[in-house]
Amino acid sequence: MNAHWRAPAGLHVASARLPDEGELPSLDGATGWLNSPPLTPAGLRGKVILAGFWTYTCINWLRQLPYLRAWAGKYSGHGLVVIGVHTPEFSFEHDAGNVRRAVQDMRIDYPVATDNNYAVWLAFGNHYWPALYFADAQGRIRHHHFGEGEYGQSEMVIQQLLAEAGSTGAGTELVSVDARGLEAAADWASLRSPENYTGYARTEGFASPGGPVPGKPHVYTVPARLGRNQWALSGDWTMAEESTTLNAADGHIACRFHARDLNLVMGPAAPETSVRCRVLIDGQPPGEAHGSDVDRDGNGTVTQQRVYQLIRQPGPITDRTFEITFPDPGVQTYCFTFG
């Protein structure tokens, strides 16, 4: 009996309509493996492969992660192998200890290839975080998806490739996930603020008078007014290519944004240290609008290089001014993300 494959608008999952996109590239360029010995396409022959590119501070991938966990849990016994390819964006994401901690903290049990030299990324010709590549049991890529979303469509592709490989128990029901914290889907209807970097190479909307002073300690100030998606520094900071580091106590960052969530990629500049922080929204403690990494009064501690959720508003969503103050020196900030 042939399975009846549901086909939402824009996706045709009949076997003949999943194209052959070429051979699954080699994973030999991986610089290490977590949760598994090294895997090869030849050794994986007969399995359906889902290879996903990620980096652990990417908010778009974090919101995809609940589905990857669920698919690995549901289909691994039916012939699916999920492989995470961790290709770093920031320098601290090359650190094996940081990646290992992230894998543990995020409850990732499937195999992870670390790709510090971008060899696997280049072998796939990839350009995106996150990116998913679906390969059949003969080692041929049959589907891909870049970015968030289309989870139902992606799962139907998994189901079909498993059926083609002879699996009879996977079924056609779709997983249901309970995504929380950073993993919760963005409030796309209210999102008006794009990702923005705090290093001088890629920052936009920097509003401190005089602009960035690359690579040198400088005392910045925050202007009297910030427009939407502008940000500014106050205090003694050094703005490097990919990050900005606080040199003296009582540094301050302000940002005008329009989104339910505000997150900041940051960490202590020196290993095994911590930096206190306090968050305000429109000049007041966040209260119910606090993120998971600060309390209702806006108090938190920066202990690792990772994404910190600082604001999650219950609504209504309007333009707001976010402020974070660091009473201790030594914090490094990298990137604002929103949701």
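Residues numbered from 1 in each chain as written. Predicted model: local features only at pLDDT ≥ 70, side-chain atom pairs only at ≥ 80, totals over all residues. Heavy atoms only, no water.

Quick look at the overall build of the protein now. Of regular secondary structure, the protein possesses four helices and 17 strands. What you see for the protein is a C-alpha radius of gyration of 22 Å, in line with the 20 Å of a compact globule of 339 residues. Expressed along its principal axes, the backbone C-alpha trace of the protein runs to roughly 70 × 40 × 30 Å. Measuring between centres, the 26 positive side-chain charges of the protein sit 4 Å from its 35 negative side-chain charges. (Helix = DSSP H or I, 4+ residues; strand = E, 2+ residues; numbered from the N terminus. Rg over C-alpha atoms; globule rule 2.2 N^0.38 Å. Lys, Arg positive; Asp, Glu negative; His and termini not counted. Charge placed at Lys NZ, Arg CZ, Asp CG, Glu CD.)

What follows is about the nonpolar core. Residues L50, W61, W71, L80, I108 and Y110 are the most contacted members of the largest nonpolar core, which totals 41 residues. At the level of elements, β2 (48-54), α1 (59-75), β3 (80-86), α2 (96-105), β5 (131-135), α4 (151-164) and β17 (331-338) are the ones that each hand at least two residues to this core. Looking at this core, the element that brings in the most residues is α1, giving eight residues. Not counting residues up to four positions away in its chain, the partners in contact with I108 are N35, W54, W61, L65 and V103. (Core = buried A, V, L, I, M, F, W, Y, C linked by side-chain atoms within 4.5 Å. Buried < 20%, exposed > 50% of the residue type's maximum accessible area, 1.4 Å probe, protein only. Contact = heavy atoms within 4.5 Å.)

What describes two packed helices is the angle between their axes and the distance between those same axes. Orientation of α1 relative to α4, taken along the N-to-C sense of each, is 25 degrees, at an axis distance of 11 Å. Classified by the interaxial angle, the pair formed by α1 and α4 is roughly parallel. Regarding α1 and α4, the two cross each other, and that crossing is right-handed. Facing α1, whose interface residues are R63, Q64, Y67, W71, K74 and Y75, α4 presents Y151, S154, E155, I158, Q159 and L162. Counted by class, the contact of α1 with α4 contains six nonpolar, three polar and three charged residues. (Axes fitted to C-alpha atoms, helices over the stretch in contact; angles between N-to-C directions. Parallel < 35°, antiparallel > 145°, perpendicular 65-115°, else oblique. Left-handed = near helix turned anticlockwise from the far one by under 90°. Nonpolar A, V, L, I, M, F, W, Y, C, P; charged D, E, K, R; others polar.)

Read these as spatial facts, not as claims about activity.
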